[in-house]
Amino acid sequence: MAQILIRNADRVVTMDGARRELAGASILIEGGAIAAIGPGLTAPGAEVIDASGCVVTPGLVNTHHHLYQSLTRAVPGGQDALLFGWLKTLYPIWARYRPEDMQISTQLGLGELALSGCTMSSDHLYLYPNGSRLDDTIHAARALGLRFHATRGAMSIGESKGGLPPDSLVEDEAAILDDCIRVVDAFHDPSPQAMTRVGLAPCSPFSVSRELMRDAALLARDKGVMLHTHLAENVEDIAYSLSQFGCRPGQYAEELGWTGADVWHAHCVKLDPSEISLFAHTRTGVAHCPCSNCRLGSGIAPVRAMRDAGVKVGLGVDGSASNDAGDLIGEARQAMLLQRVANGADAMSAREALEIATLGGASVLGRAAELGSLEPGKRADIAIWDLRALQVAGSWDPVAALVLCGPHRVRHLLVEGRQIVRDGQLVTLDERALAESARRATARLMA
Ligand SMILES: [Zn+2]
C-alpha cells in the first residue's frame, strides 16, 4: 500500500478532542487515511513531503457555494445591490449558461478554494439552463480531485407566479423531484471515504412552494441524504416569510421537516434566540458566510450566540457573485473579525475561527467521524502552510498567524492522501489554462 510521510512539521494542529498542537511532528498516510501522527516517524520507501518550516492543519471545509457563479464576479449592476435586486440583475446572465460554462466555473471555483486550503466543498446548484445538469459539476470536481458535496438545488416559482426568477429559469416540481432521485442514485456515496455525496436543496423558501420543501425533506430522509437551503439571510427575507407564510423562517423550516442533524442552512444572519435554540436542540447546522454577508450588507450572523448555544457552524465562501473571492482561510479571518465587531475583541479567537473552518465544517456536512481533524484512522485531507512566506514572517504564534496574518495560499494540499496542490500550484489542472478558459467563457456571457 502506498505510503506518504509528511515529515517534521513545525506544528501540527490536530483539532482532536484535546485540541493538541504538536511541535516537530510527522504524519504517516496509508491508503488515503492517517495511519500515525507523532515525532520521529519513519517509513522506508514512503513518498516524503518535507514540512519543516510549515504548519499542518486539517483541510478546510467549505459548506456553502454556488460554483456556477464564478463566471459572474464583479458584475457592474450587481456590485452595490441588496440581495433581491442583486438576484434580478444576475438571473438573465445565468440564463445564458451552457453545460461547459458550468464545468469551467466549477473548476475555477474549486481550484481557487484548493489553493486557499480547502479539501472539501459543498455546492448549491439551483438553475439548469440550456441542458445543464448537476452531473457537469460533479465531473468537474472529480477531475480536480476535491471532495465534493453537490446539492441538487431548484427553483419553481417564477415571476409570473410572484417569485423573483424569470420563468425561463424555473422548473416543474415533479421534474425536479425526478431529477433529485436520478442524481442521488447515480452519484451519492454514503461510505466514510466518499469523494462525492449528493444532497437536496431547493433554493430558498421564496423560490419554491411549501409542497416542494416538504417533499424534498421526505425524499431526502427516504434516500438518506442531507438537506440544504438559504434561510434568514437578511431583513427582506424575514419580511417575506412573515408576510407570505405568517411565521419566522425557523418556524417555517421546522413545520416542513427542515430541522435535524441532516439539515444545514446557509447564512442565518437574522435567526432570533428562539430559532438559535431550535437549531441547537435539533442539531441543525449553519453555513456562515461572513464575506458574502458583508458584500450584500445583510448583517452580522449571531455566530457567538449560536456556538455558545451548541449550534453546529461551518464556513462558506458563498457564490462568487456575492463574495467575489473564494479564499476560505480568508473567510475564517473575516468570521473572527465580524464577531469582534459585534461582541468585542475577546469574542472569537483565531484558533476558534480555524476550528469552525475545519472541524465545524466537517460536522455541518455530516463528516465529523472521518474528517475535520488529524487523528489516526481519519481520512488524509490535509493542508500544509509555509511559515516562510512574507505575510507571516515576524509572527510569534504560528497557529494564530494562519488566521491573523496569512499566508492565504497553501504550499501543499492532500485529499484522501492524494496531492492536489504541490509547491503552491494545482497538480491536477493547469491554473493558467483554467483562468484562460474562464476568461473566454465570461467574454461569451457578456456578449
Ligand atoms: Zn448562497
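Residues numbered from 1 in each chain as written. Predicted model: local features only at pLDDT ≥ 70, side-chain atom pairs only at ≥ 80, totals over all residues. Heavy atoms only, no water.

Asks: Before we move on, could you go through unusual backbone geometry and cite the residues and values that matter?
Replies: The linkage connecting N323 with the following residue, D324, adopts the cis geometry, with an omega of -15°. Tracing the backbone shows D324 in the loop between β13 (312–315) and α11 (328–343). With an omega dihedral of 0°, the bond running from G406 to P407 counts as a cis peptide bond. The topology assignment puts P407 in the loop between α13 (398–404) and β15 (412–415). In the Ramachandran plot, E416 falls in the positive-phi region, its phi being about 55° despite a non-glycine side chain. Structurally, the position occupied by E416 is in the loop between β15 and β16 (418–422). Located in the positive-phi region is D423, a residue other than glycine, with phi close to 50°. As for its position among the elements, D423 is in the loop between β16 and β17 (425–426). (Helix = DSSP H or I, 4+ residues; strand = E, 2+ residues; numbered from the N terminus.)

Asks: An account of the coordination of the zinc ion is requested, with residue identities and associated values reported.
Replies: Under ideal tetrahedral coordination, the four donors around a metal are separated by 109.5 degrees; under ideal octahedral coordination, the six donors are separated by 90 or 180 degrees. In this structure, H64 (NE2), H66 (NE2), H230 (NE2) and D318 (OD) serve as the protein donors to the zinc ion, at separations of 2.1 to 2.6 Å. The site at the zinc ion holds 4 donor atoms, and with the angles between them running 88 to 179°, its shape is irregular. Look at where the donors of the zinc ion fall in the sequence and you get H-x1-H-x163-H-x87-D. When sorted by exposure, H64 lands in the same class as H66, which is buried. (Donors = N, O, S within 2.8 Å, 3.2 Å for Na, K, Ca; no water. Tetrahedral: all angles 85-135°; square planar, octahedral: opposite > 155°, others 65-115°. Buried < 20%, exposed > 50% of the residue type's maximum accessible area, 1.4 Å probe, protein only.)

Asks: Give a description of the layout of surface pockets that names residues and reports values.
Replies: There is about 230 Å³ of room inside the largest pocket. Around the largest pocket, the lining comprises 15 residues; the ones closest to its centre are L108, E431, L434, A435 and A438. Sorting elements by how many residues they give to the lining of the largest pocket places helix α14 (residues 431–446) first, with 8 residues. Split by residue class, the lining of the largest pocket holds 9 nonpolar, 3 polar and 3 charged. Class assignment of the residues belonging to the lining of the second largest pocket gives a composition of 7 nonpolar, 3 polar and 2 charged. (1 Å grid on protein atoms, 1.4 Å probe; cavity = no way out; pocket = protein on both sides within 12 Å on 5 of 7 lines; lining within 4 Å. Points joined across faces, edges and corners; volume = space filled by probe spheres on them. Nonpolar A, V, L, I, M, F, W, Y, C, P; charged D, E, K, R; others polar.)

Asks: Now, about the pattern of salt bridges: what can you tell me, with residues and values included?
Replies: For the structure shown, the criterion picks out 37 salt bridges. K88 is paired through a salt bridge with E159; the nearest N and O atoms lie 3.3 Å apart. Residue K88 is found in helix α1 (residues 83–94), and its partner E159 is found in the loop between β8 (147–154) and α4 (173–187); the two are separated by 71 residues along the sequence. Using a relative accessible area of 41% as the deciding quantity, one classes K88 as partly exposed. For R182, the salt bridge identified is with D135, shortest N-O distance 2.9 Å. Note that R182 is positioned in helix α4 and D135 in helix α3 (residues 134–144), a separation of 47 residues in sequence. Exposure remark for R182: the relative accessible area of 28% places this residue in the partly exposed category. A single network of salt bridges, built from pairs that share partners, joins R19, R304, R307, D308, E352 and E355. (Salt bridge = Lys/Arg side-chain N within 4 Å of Asp/Glu carboxyl O.)

By themselves, these observations are geometric and do not establish any function.
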